[in-house]
Amino acid sequence: MKASERRECWGLLLMDFKTYVDQACRAAEEFVNIYYETMDKRRRALIRLYLDKATLIWNGNVVTGLEALNNFFEMLPSSEFQVNMLDCQPVHEQATQAQTTVLVVTSGTVKFDGNKQHFFNQTFLLTAQSTPNNTVWKIASDCFRFQDWASS
């Protein structure tokens, strides 16, 4: 293969990867908007965003499975989330057995009813669930952490 052919091939790979990243970022932005709106306004519907065997780690406490997640979310006081930062990247298919997966990281502030405002970071591992009509993103893993917990 000539050098010019290698550059052209590499350019196509980069363009394809950029398209892949752009698609992942659009999906992540849409997902984040849905997630936090649901958390704040329709909490009972939140577990629909999780896989059946999803895991949530909330400030070091592990919650696994839809029933446990539902019970956990019902115990939380009402919330007002403000996302200040969103980052995402597709996870290579070799690491996920060819399952389309996106890593999403958010940070911002949250105020739970009756408590002071906290800074938080949250990391989601989303996996695409395809149906004949569309693709739905589900949470496989969710890790939430207050960032100012030591000073409270």
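Criteria and cut-off values
Residues numbered from 1 in each chain as written. Predicted model: local features only at pLDDT ≥ 70, side-chain atom pairs only at ≥ 80, totals over all residues. Heavy atoms only, no water. UniProt positions renumbered as here; feature names shortened; annotations may be inferred. Core = buried A, V, L, I, M, F, W, Y, C linked by side-chain atoms within 4.5 Å. Buried < 20%, exposed > 50% of the residue type's maximum accessible area, 1.4 Å probe, protein only. Helix = DSSP H or I, 4+ residues; strand = E, 2+ residues; numbered from the N terminus. Contact = heavy atoms within 4.5 Å. Salt bridge = Lys/Arg side-chain N within 4 Å of Asp/Glu carboxyl O. Arc of directions from axis to C-beta. Phe/Tyr/Trp six-rings, centres within 6.5 Å; stacked < 30°, edge-to-face > 60°.

As annotated in an unreviewed UniProt entry, the chain carries the name Nuclear transport factor 2 like export factor 2 and is attributed to Equus asinus. Recorded under Subcellular location (unreviewed entry), the UniProt text for the chain is reproduced unchanged: "Nucleus".

Take the nonpolar core next. Membership of the largest hydrophobic core comes to 34 residues, with the highest contact counts inside it found for Tyr35, Tyr50 and Phe73. Contributions of two or more residues to this core are made by α1 (3-41), β1 (50-58), α2 (66-75), β3 (79-91), β4 (101-112), β5 (117-130) and β6 (135-146). By residue number, the principal contributor to this core is α1, which donates 8 residues.

Right, let's talk about the side chain of Thr38 for a bit. Topologically, Thr38 is positioned in helix α1. According to the relative accessible area criterion, Thr38 is buried, its value standing at 3%. Every residue in contact with Thr38, bar those within four places of it in the chain, is listed here: Arg43, Ala45 and Leu46.

What the rule picks out here adds up to 2 salt bridges. As a salt-bridge pair, Glu37 and Arg42 come within 3.3 Å of each other at their nearest N and O atoms. The partly exposed category is assigned to Glu37, whose relative accessible area is 40%. One salt bridge in this structure joins Arg44 and Glu74, with 3.4 Å as the shortest N-O distance. In this pair, Arg44 sits in the loop between α1 and β1 while Glu74 sits in helix α2, placing the two residues 30 residues apart along the sequence.

Listed as buried for α2 are Leu69, Phe72 and Phe73. The buried residues of α2 all sit within an arc of 95° when viewed along its axis, so they share a single face. Opposite the buried face of α2, at more than 90 degrees from it, the exposed residues are Glu67 and Met75.

Applying the stated criterion to the full structure yields 18 aromatic pairs. For the pair Trp58 and Phe144, a centre-to-centre distance of 3.8 Å together with 10° between the ring planes defines the contact as stacked. Of this pair, Trp58 sits in strand β1 while Phe144 sits in strand β6, and the two are 86 residues apart along the sequence. One exposure class covers both Trp58 and Phe144, and it is buried. Ring geometry for Phe81 and Phe120: centres 5.1 Å apart, planes at 85°, overall edge-to-face. Of this pair, Phe81 sits in strand β3 while Phe120 sits in strand β5; the two residues are 39 residues apart in sequence, bridging distant segments of the chain.

Take the environment of Asn84 next. Along the chain, the position of Asn84 falls in strand β3. The exposure class of Asn84 is exposed, given its relative accessible area of 54%. On a C-alpha basis, the gap between Asn84 and Ser107 in space is 5.9 Å, while along the polypeptide they are 23 residues apart. Beyond its immediate stretch of four places on either side in the chain, Asn84 contacts Ser107, Gly108 and Thr109.

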